[in-house]
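A closer look at the structure
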Amino acid sequence: LTGTQSHFGAAWNGKLVADHDEQYLVSVECNDEGFASHAIDGKYLPWRSCYPAMTSAVTLKANKAVNFSLRYKSLEGSAFVILKWASATVPKQTIPSRNLLYQTTVGSDAQHYPVISPDRAYPLQSTAIGDALRSATSGVE
């Protein structure tokens, strides 16, 4: 995520899914005027500088989605924030998009917005709600 204006901010809410049962170090890296906070599976890390990185340890289970939220703000200069992780079997890397799940709304009818919450780990438990929904396919990445 990048931005070029002063006083830039962003928020992301979704799910984090690990590929292995192990402890991960989750890092938020940002520009020198950036600040972030995040919560992983109910563990909250309060606002602080994320330059060059802020890191927290969390034990994750393979294919089990946990709640994840990220808040970021930059006060000056070119803004950027990068979300990375590392574990005993995963070298430090940007978290792949396949490991980040989010809820989405489809359609354009203001009164009927179907909401689809995909769950990569348990596709049969994916949910889709909304009056305008006629059919849904789950378990597709």
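So, here is what we can say about the structure in this document.

This part covers the overall build of the chain. Scanning the chain from terminus to terminus reveals 0 helices and 13 strands. Written out in order from the N terminus, the α and β elements of the chain read β-β-β-β-β-β-β-β-β-β-β-β-β. Put simply, 63% of the contacts in the chain that link residues at least 6 apart link residues at least 24 apart. Total accessible area computed for the chain in this model is approximately 8400 Å², and 52% of it derives from carbon and sulfur atoms.

This part covers the nonpolar core. Leu16, Val28, Leu60 and Trp85 are the most contacted members of the largest nonpolar core, which has 24 residues in total. Every element with two or more residues in this core is listed here: β3 (22–30), β4 (34–40), β6 (54–60), β7 (66–74) and β8 (79–87). Other than its neighbours up to four places away in sequence, Val28 contacts Ala36, His38, Cys50, Pro52, Ala53, Met54, Leu70, Val81, Ile82 and Leu83.

Looking at the secondary structure, you find Ser56 in strand β6. Within the structure, Ser56 has its side chain in polar contact with the side chain of His38 (distance 3.0 Å). Setting aside its immediate chain neighbours within four residues, Ser56 contacts Tyr24, Leu25, Val26, His38, Ile40 and Leu45.

For the rest of this paragraph, the subject is the side chain of Ser69. Note that Ser69 resides in strand β7. Judged by relative accessible area, Ser69 falls into the buried class, the value being 16%. Discounting chain neighbours no more than four positions away, the residues touching Ser69 are Trp12, Asn13, Ser37, His38 and Ala39.

With that settled, consider the pattern of salt bridges. In total, this model carries 3 salt bridges according to the counting rule given. The partner of Arg98 in a salt bridge is Asp19, with the nearest N and O atoms 3.0 Å apart. Within this pair, whereas Arg98 is found in the loop between β9 (93–94) and β10 (100–101), its partner Asp19 is found in the loop between β2 (8–16) and β3, the two being separated by 79 residues in sequence. On the accessibility criterion, Asp19 (26% relative accessible area) is partly exposed.

Let's shift gears to the sheet that holds strand β5 (residues 43–49). If you trace the 5 strands from one edge of the open sheet to the other, you get β5-β4-β7-β2-β10, paired in antiparallel fashion. Edge positions in the sheet fall to β5 and β10, since each of these pairs with one other strand and no more. In this sheet, β7 lies alongside β2 in antiparallel orientation, the contact comprising 9 bridges. When the bridges of β7 are listed, Lys15 appears paired with Asn67.

Inspection of the entire model under this criterion finds 1 disulfide. Disulfide pairing is shown between Cys30 and Cys50; the S-S distance is 2.0 Å. Here the disulfide of Cys30 and Cys50 is right-handed, its torsion about the S-S bond being about 110°. Separated by 20 residues along the polypeptide, Cys30 in strand β3 and Cys50 in the loop between β5 and β6 bring together distant segments of the chain. Comparing Cys30 with Cys50 shows no difference in burial state: the two are buried.

About the cut-offs
- All residue numbers refer to position in the chain's written sequence, counted from 1.
- At least 70 in pLDDT is required for a residue's local features to be given in this predicted model, at least 80 for side-chain atom pairs to be given and counted, and no such filter applies to totals for whole chains, interfaces and linings, which use all residues.
- Note: side-chain values were computed over all heavy atoms of the structure, leaving out hydrogens and water.
- Every helix listed is a DSSP run of H or I at least four residues long, and every strand listed is a run of E at least two residues long, numbered separately from the N terminus.
- Contacts were defined at the residue level, with two residues in contact if any of their heavy atoms lie within 4.5 Å.
- Under the convention used here, a 1.4 Å probe and the Shrake-Rupley method define accessible areas, while residue burial counts only the protein chains that appear.
- Grouping buried Ala, Val, Leu, Ile, Met, Phe, Trp, Tyr and Cys residues that are joined through side-chain atoms within 4.5 Å yields what is termed a nonpolar core.
- A 1.4 Å probe rolled over the protein chains alone gives each residue an accessible area, and that area as a share of the maximum for its type sets the label: buried under 20%, exposed over 50%, partly exposed in between.
- Here a polar contact means two N or O atoms within 3.5 Å. Within protein one must be a hydrogen donor candidate and the other an acceptor candidate, and residues neighboring in sequence count only if both atoms are side-chain atoms.
- By definition here, a salt bridge exists when the distance from a side-chain nitrogen of Lys or Arg to a carboxyl oxygen of Asp or Glu is within 4 Å.
- The pairing criterion is simple: DSSP has to find at least two bridges between the two strands.
- Count a disulfide wherever a pair of cysteine sulfur atoms falls within 2.5 Å.

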